[in-house]
Amino acid sequence: MIPRWSRTLGNHLYRHSNTGISRDLYVLPCRRISKIAAVEAPVASNAFVKSEVNLNKLFRSKPCSLALPPDSPLRIEEPIYKGLRRFLLKMMLFYSKQSKSIRQANVIYRRVVSQADKPAIYDAFRLEKTFRTNFSMLVVHMWLCLRRLKAEGKEGVELGQYVYEIYNHDLETRVSKAGVNLLLSKWMRELEKVFYGNIVAFETAMLPGAKHDDLLNAVWKNVFAEDGSSKLDAAALPAVMAFTRYIRRECICLSLTDKEAMFSGNFMFTPLDNPKP
């Protein structure tokens, strides 16, 4: 049974804030995920091309709403049926609150996957796309969405639960495709711990009393460091700083995105195909 993400997150935050070790949560992921990454097929030599973009200039522009305009071809609207078809669908509970929430959650998760799976995001931040980095991107963008939905109160938390359940089903498929077919439930439990460890680290780093470098350290340890090392690699610093600015900017952009756009999934994360300042 999939736990309710909001309650589990709250328990993690409460427990670690009381024990004073919240900043140590950064070290959870990499060693465990690397075991899964090891069974992946090798990445083609031409599959990873480093970006020549000046990272120091990225994500310094004024944040704005991520809502899609009404005439955007990327919008996904609720289907409108009439007559007998509508009557039959209503009898089949197509228009029930739960059914509508599941459809909305599917669209929201599609936005998460769209950003996390795009080669452009790995190119922009000079990351090689592996299971580990792809999982890290999924977690970051899931956290961004769940955080924004939670701001809408109980209704947003409930919708976030549906998104979280869809994410879990998708993650199970991804783990299987990575070559892990034995002890799948064990790996899913491990990845669940990593998921909550990461989002607690990010959430803690965004608290008003957090130090300015806390988010930078969380990004390094949970996204860039292959072994969970706490020592930041100087060569990776520009990319880590750029990704930290990206997260802060997306948080503000999502806060400027209206409830209707968030709940319907009619928003898009900042495009990274041609990154601009």
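Basis of the calculations
- Residues numbered from 1 in each chain as written.
- Predicted model: local features only at pLDDT ≥ 70, side-chain atom pairs only at ≥ 80, totals over all residues.
- Heavy atoms only, no water.
- Helix = DSSP H or I, 4+ residues; strand = E, 2+ residues; numbered from the N terminus.
- Expected span 1.5 Å × (residues − 1).
- Buried < 20%, exposed > 50% of the residue type's maximum accessible area, 1.4 Å probe, protein only.
- Contact = heavy atoms within 4.5 Å.
- Phe/Tyr/Trp six-rings, centres within 6.5 Å; stacked < 30°, edge-to-face > 60°.
- Lys NZ or Arg CZ within 6 Å of the ring centre and 35° of its normal.
- Axes fitted to C-alpha atoms, helices over the stretch in contact; angles between N-to-C directions.
- Parallel < 35°, antiparallel > 145°, perpendicular 65-115°, else oblique.
- Nonpolar A, V, L, I, M, F, W, Y, C, P; charged D, E, K, R; others polar.
- Polar contact = N/O pair within 3.5 Å; in protein donor to acceptor, adjacent residues only side chain to side chain.
- Core = buried A, V, L, I, M, F, W, Y, C linked by side-chain atoms within 4.5 Å.
- Left-handed = near helix turned anticlockwise from the far one by under 90°.
- Salt bridge = Lys/Arg side-chain N within 4 Å of Asp/Glu carboxyl O.

### Considering helix H6 (residues 131-150)
With 20 residues, H6 should cover 28 Å at 1.5 Å per step; its first-to-last C-alpha distance of 28 Å lies within 8% of that length. Summarising burial for H6: 18 of the 20 residues are buried, a large majority.

### A look at the environment of Trp220
Note on placement: Trp220 falls in helix H9 (residues 214-224). Placed 13 residues apart in sequence, Trp220 and Asp233 show a C-alpha to C-alpha distance of 8.7 Å. In this view, Trp220 contacts Ala225, Ser229, Ser230, Lys231, Leu232, Asp233, Ala236 and Val240; residues no more than four positions away in its chain are not counted.

### Quick notes on the packing of aromatic side chains
Counted by the stated rule, this structure contains 17 aromatic pairs. An aromatic cluster of at least three residues, connected via ring pairs, comprises Phe59, Phe125, Phe224, Phe243 and Tyr246. Positioned above the aromatic ring of Tyr95, the side-chain terminus of Arg86 is 4.4 Å from the ring centre.

### Things to note about the packing of H6 against H9
Interhelical geometry of H6 versus H9 gives an angle of 135° and a closest axis separation of 9 Å. Judged by the angle between their axes, H6 and H9 are oblique. Taken together, the residues of H9 that come into contact with H6 (itself represented by Arg132, Thr133, Ser136, Met137 and Val140) are Asn222, Val223 and Phe224. Looking at the contact of H6 with H9 residue by residue, the class counts come to 4 nonpolar, 3 polar and 1 charged.

### Topic: the side chain of Arg148
Looking at the element boundaries, Arg148 is found in helix H6. Here Leu254 takes part through its backbone oxygen, which lies 2.7 Å from a polar atom of the side chain of Arg148. Within the structure, the side chain of Arg148 is placed 2.7 Å from the backbone oxygen of Thr257, a separation counted as a polar contact. Here Arg148 is in contact with Leu254, Ser255, Thr257, Asp258, Lys259 and Met262, once residues within four sequence places are set aside.

### Focus: the nonpolar core
With 72 residues, the main nonpolar core has Phe125, Phe224, Phe243 and Ile247 as its most contacted residues. Mapped by element, the contributors of at least two residues to this core are helix H4 (97-117), helix H5 (119-124), H6, helix H7 (154-177), helix H8 (184-205), H9, helix H10 (237-255) and helix H11 (259-264). The element best represented in this core is H6, accounting for 12 residues.

### Examining the environment of Leu237
By the element assignment, Leu237 lies in helix H10. Note on Leu237: relative accessible area 30%, which makes it partly exposed. Residues Leu237 and Leu216, spaced 21 residues apart in sequence, show a C-alpha to C-alpha distance of 9.3 Å. Those residues in contact with Leu237 that sit more than four places away from it in its chain are Leu216 and Leu232.

### Here we look at the packing of H4 against H6
The description of two packed helices rests on the angle between their axes and on the distance between the axes. Put simply, H4 and H6 touch, their axes get as near as 9 Å, and they point 145° apart. Crossing angle aside, the handedness with which H4 passes H6 is right-handed. Between H4, through Ile108, Tyr109, Val112, Val113, Gln115, Ala116 and Asp117, and H6, the contact on the second element is made entirely by Asn134, Met137, Leu138, His141, Met142, Cys145 and Leu149. Looking at the contact of H4 with H6 residue by residue, the class counts come to 10 nonpolar, 3 polar and 1 charged.

### Quick look at the pattern of salt bridges
Applying the stated rule across the entire model yields 8 salt bridges. Measuring nitrogen to oxygen at the nearest pair gives 2.6 Å for the salt bridge that ties Glu77 to Arg75. Judged by its relative accessible area of 49%, Glu77 is partly exposed. Judged by relative accessible area, which is 19%, Arg75 ranks as buried. Glu78 is paired through a salt bridge with Arg103; the nearest N and O atoms lie 2.8 Å apart. Here Glu78, found in the loop between helix H2 (30-37) and helix H3 (83-91), pairs with Arg103, found in helix H4; they are 25 residues apart in sequence, far enough to count as distant. Look at the salt bridges and you will find they share partners, linking Asp117, Asp170 and Arg174 into a network.

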